[in-house]
Amino acid sequence: MFLHTAAASLGLSAVIMQSALLFSILKYVGAVYLTYLGAKALYGVMKKGEAPSVETDIRGGGEHTACFKQGFLTDFLNPKVAAFFLTFLPQFVAPGAHSFAPFLLMGAAYTAMTAIWFLFYISFIHYISDFMKRPKTKKWIEGITGAVMIGFGIKLALEKVQR
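Residues numbered from 1 in each chain as written. Predicted model: local features only at pLDDT ≥ 70, side-chain atom pairs only at ≥ 80, totals over all residues. Heavy atoms only, no water.

Participant: Hey, could you go over the overall build of the protein chain for me, with residue numbers and the actual values?
Facilitator: Looking only at helices and strands, the protein chain features eight helices and zero strands. Written out in order from the N terminus, the α and β elements of the protein chain read α-α-α-α-α-α-α-α. Of the contacts made within the protein chain by residues no fewer than 6 positions apart, 79% connect residues no fewer than 24 positions apart. By element, 71% of the accessible surface of the protein chain is carried by carbon and sulfur atoms, the whole surface being about 11,500 Å². (Helix = DSSP H or I, 4+ residues; strand = E, 2+ residues; numbered from the N terminus. Contact = heavy atoms within 4.5 Å. Areas by Shrake-Rupley, 256 points an atom, 1.4 Å probe, with all protein chains shown as cover.)

In structure tokens form, the structure reads like this:
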């Protein structure tokens, strides 16, 4: 979110949104990545007959960076996030004012609110973790997630840009 905030603040998001080539590159790379993640999840479920184990130890240091990389790339390669920051933030900046600092402040506030939401979400998931760790539940979740990611990847690739 900080990268998208900085890109919107510096005008890079506007350049990406106005350049059909740059927007298409970002869109198709994101679509391919989502489809890859979905296919990988489905392949793991079909090959093993059960969902891959994603047990993590929060005390593990840098051992489990794959989840962070996957989340980072999924967000970074999503052109709709750039469009959100480009269209949402400017409406709160006074016309004619320097927008860099207000953009950064609003981006930081949005990031903080998102972090708070995810803390609640993680607490809820922890509460239902015994159910979530069952092999049958994990298999269903991975299968549904894989299919949805492939669907999102295809939808993103086929979506027409409205200008």
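From this point, the narrative continues.
Participant: Pulling in residues and values, what's your account of the UniProt feature "transmembrane region" (unreviewed entry) in the protein chain?
Facilitator: According to UniProt, the feature "transmembrane region" (unreviewed entry) maps to residues 20–39, 107–128 and 140–158 in the numbering used here. Helix makes up 100% of residues 20–39 and strand 0%, whereas the separation of the span's terminal C-alpha atoms amounts to 28 Å. For the annotated span residues 107–128, helix accounts for 95% and strand for 0% of the residues, and the straight-line distance between the end C-alpha atoms is 31 Å. (UniProt positions renumbered as here; feature names shortened; annotations may be inferred.)

Participant: Describe in detail a nonpolar patch on the surface, supporting the description with residues and values.
Facilitator: On the surface, Ile-116, Trp-117, Phe-118, Phe-120, Tyr-121 and Ile-122 cluster together into a nonpolar patch covering about 690 Å² of accessible area. Among the structural elements, Phe-118 can be located in helix H6 (residues 100–127). On the accessibility criterion, Phe-118 (42% relative accessible area) is partly exposed. (Patch = residues over 30% accessible without salt bridge, like charges linked within 9 Å, V, L, I, M, F, W, Y side chains within 5 Å. Salt bridge = Lys/Arg side-chain N within 4 Å of Asp/Glu carboxyl O. Buried < 20%, exposed > 50% of the residue type's maximum accessible area, 1.4 Å probe, protein only.)

Participant: Give me helix H1 (residues 2–10): which residues, what numbers.
Facilitator: Buried within H1 are the following residues: His-4, Thr-5, Ala-7, Ala-8 and Ser-9. Where the residues of H1 are buried, they touch helix H2 (12–18), helix H4 (66–76), helix H5 (79–88) and H6. Following H1 by one or two positions, Gly-11 adopts a phi angle in the positive range, close to 90 degrees.

Participant: With reference to specific residues and values, describe the packing of aromatic side chains.
Facilitator: What characterises a pair of aromatic rings is the spacing of the ring centres plus the angle enclosed by the ring planes. Overall, the coordinates contain five aromatic pairs when judged by the stated rule. With a centroid separation of 6.1 Å and 25 degrees between ring planes, the pair formed by Phe-68 and Phe-72 is classed as stacked. Here the residue Phe-68 and the residue Phe-72 both occupy positions in helix H4, the gap between them amounting to four residues, near one helical turn. According to the relative accessible area criterion, Phe-68 is exposed, its value standing at 60%. Each residue in the set Phe-68, Phe-72 and Phe-76 is aromatic and connected to the rest through ring pairs, giving one cluster. (Phe/Tyr/Trp six-rings, centres within 6.5 Å; stacked < 30°, edge-to-face > 60°.)

Participant: Just give me the short version of H6, but keep the residues and values in it.
Facilitator: Taking 1.5 Å per residue, 28 residues should reach 40 Å; H6 reaches 41 Å between its end C-alpha atoms and fits that length. Where H6 is concerned, the buried positions are Phe-103, Met-106, Gly-107, Thr-111 and Thr-114. Elements that come into contact with the buried residues of H6 comprise H1. (Expected span 1.5 Å × (residues − 1).)

Participant: Break down the side chain of Thr-111 for me, citing the residues and quoting the values.
Facilitator: Among the structural elements, Thr-111 can be located in helix H6. Thr-111 has contacts with Met-1 and Phe-2, leaving out every residue within four places of it along the chain.

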